[in-house]
Amino acid sequence: MLELEGVVKHYSGPGGEVVRAVDGISLSIRAGEIVALHGPSGSGKSTLLMLAAALMKPDAGRMRFEGVDLTLMSANVTADYQREQIGFIYQSFHLMAEVPAVENAAIKLLANRVPLKQARRAAVPWLERVGLGKRLDHTPDRLSGGERQRVAIARALISEPRLILADEPTGSLDTRRGGEILALLADICDQQKAAMLLVTHDSQATAIADRVYAMRDGKLALGEMDSGPPEPLRQRVPG
Ligand SMILES: Nc1ncnc2c1ncn2[C@@H]1O[C@H](COP(=O)(O)OP(=O)(O)OP(=O)(O)O)[C@@H](O)[C@H]1O
Ligand SMILES: [Mg+2]
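The shown structure was predicted, so the numbers you read here are calculated from the model rather than taken from an experiment.

A.B. asks: A description of the overall build of the protein should follow, citing residues and the corresponding values.
C.D. replies: Broken down by element type, the protein carries seven helices and 10 strands. C-alpha extents for the protein along the principal axes are approximately 65 × 45 × 40 Å. Looking at the protein residue by residue over its 239 residues, the buried ones come to 38%. Put simply, 66% of the contacts in the protein that link residues at least 6 apart link residues at least 24 apart.

Structure below.
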């Protein structure tokens, strides 16, 4: 479905130095497949997802979706690709302030001129699936961090995307809720034959991923995540 070949993305740093955020990555992902990526902060994970969503162009390399070169698409075709094929779960959620959860989740439908009532009705089951059936009319400022994250997940899934690009989708959730969300994402990939590129530090993701890569300095290597409980930050003295 998605094929990357030797993809490079540079940024220029504040002092004019070149940051090789993505440094020659080749990767392909088939329908129904889940690929998990982990790696230290700044290793290029979010940049790779943004490239895959055609939100930015690579400086070198080729990127194809269903055989079509993402770098050669016109602005209109790029917008169609993003709206129809991609479900992007942003690391920082990007919800609209002062808009109720149900309308945030329905935003792609509203952008497609689906009438408000109908769009809200379509979004309700998605919010229920992420455990927010009782928070439909809460605006983001009245939701917890984990609840906002789940609205962002519902919003990405509502269009039944072919390719889910998920940037730390369980980063604000506890282990139990994170496990449920990962299971939901895995179900969707299964049922809808969607592919998913999943950036995560959550070792539970290993259970749903077909492949796990470690990213470091813009490069990928096959590599498992550390599993087991995290190291305690400090010893507690029993007393
Ligand atoms: N717009 C930008 N301009 C300049 N440098 C950038 C820009 N965005 C990211 N970078 C740099 O590119 C590198 C990769 O950033 P990226 O956000 O892809 O990392 P990440 O792996 O997602 O990190 P994190 O785990 O903290 O989210 C970092 O060194 C970052 O400082
Ligand atoms: Mg990131």
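Back to the write-up after that little detour.
A.B. asks: Could you give an account of the sheet that holds strand 6 (residues 86-89), with specific residues and numbers?
C.D. replies: Across the sheet, which stays open at both edges, the six strands sit in the order 6-7-8-3-9-10 with mixed pairing between neighbours. Both outer strands of the open sheet, strand 6 and strand 10 (219-222), are each paired with one neighbouring strand and no more. The average undirected angle you get between the axes of adjacent strands in this sheet is 20°. Relative to strand 8 (residues 195-199), strand 3 (residues 34-38) is paired through four bridges, and the arrangement is parallel. Paired with Val 35 across the strands is Leu 197, a residue of strand 8. Along the sheet, helix 6 (residues 145-157) makes contact with strand 6 and strand 7 (163-167), crossing strand 6 at roughly 170°.

A.B. asks: Which residues make up the sheet that holds strand 5 (residues 68-69), and what are the values?
C.D. replies: If you trace the four strands from one edge of the open sheet to the other, you get 2-1-4-5, paired in antiparallel fashion. A single partner strand is all that each edge strand has here, and the edge strands are strand 2 (18-29) and strand 5. Note that strand 1 (residues 2-12) and strand 4 (residues 60-65) share five bridges and pair antiparallel. Residue pairing in the sheet places Glu 5 in a bridge with Arg 62 of strand 4. Helix 1 (residues 45-52) contacts strand 1, strand 2 and strand 4 of the sheet and is inclined by roughly 60° relative to strand 2.

A.B. asks: Got a sec to walk through the site of ligand 1? Specific residues and values, please.
C.D. replies: All residues in the neighbourhood of ligand 1 are listed as Tyr 11, Val 19, Ala 21, Gly 39, Ser 41, Gly 42, Ser 43, Gly 44, Lys 45, Ser 46, Thr 47 and Gln 91. Every element with two or more residues in the shell around ligand 1 is listed here: strand 2 and helix 1. Considering each element in turn, the shell around ligand 1 owes the most residues, three residues, to helix 1.

A.B. asks: Go over helix 1, please, and point to the residues and values.
C.D. replies: With six of its eight residues buried, helix 1 lies for the most part within the structure. Two residues or fewer after helix 1 comes Ala 54, characterised by a positive phi angle close to 60°.

A.B. asks: Can you lay out the pairing of strand 6 for me, pointing to particular residues and giving the numbers?
C.D. replies: The alternating pattern of strand 6 places Ile 86 and Phe 88 and Gly 87 and Ile 89 on opposite faces, both of which are buried. As judged from the four bridges shared by strand 6 and strand 7, these two strands associate in the parallel manner. Looking across to strand 7, one finds that Gly 87 is bridged to Ile 164.

A.B. asks: Got a sec to walk through the environment of Leu 143? Specific residues and values, please.
C.D. replies: Topologically, Leu 143 is positioned in the loop between helix 5 (116-129) and helix 6. Take Leu 143: there are 20 C-beta atoms within 10 Å of it, and that puts it in the buried class. A C-alpha to C-alpha distance of 27 Å links Leu 143 and Cys 189, two positions 46 residues apart in sequence. Look past the residues within four positions of Leu 143 in its chain and what remains in contact with it is Ala 101, Arg 135, His 138, Arg 148 and Val 151.

A.B. asks: Before we move on, could you go through unusual backbone geometry and cite the residues and values that matter?
C.D. replies: Its identity is not glycine, yet Arg 113 carries a phi of approximately 65°, on the positive side. Overall, the presence of 7 C-beta atoms within 10 Å leaves Arg 113 in the exposed class. Notably, Glu 168 is not glycine yet its phi reads approximately 50°, a positive angle. Topologically, Glu 168 is positioned in the loop between strand 7 and helix 7 (175-192).

Calculation rules
- Residues numbered from 1 in each chain as written.
- Chains lettered and ligands numbered in written order.
- Predicted model: local features only at pLDDT ≥ 70, side-chain atom pairs only at ≥ 80, totals over all residues.
- Helix = DSSP H or I, 4+ residues; strand = E, 2+ residues; numbered from the N terminus.
- Buried ≥ 20, exposed ≤ 12 C-beta atoms within 10 Å, placed from the backbone.
- Contact = placed C-beta atoms within 7 Å.
- Pairing = 2+ DSSP bridges.
- Axes fitted to C-alpha atoms, helices over the stretch in contact; angles between N-to-C directions.
- Near = placed C-beta within 6 Å.

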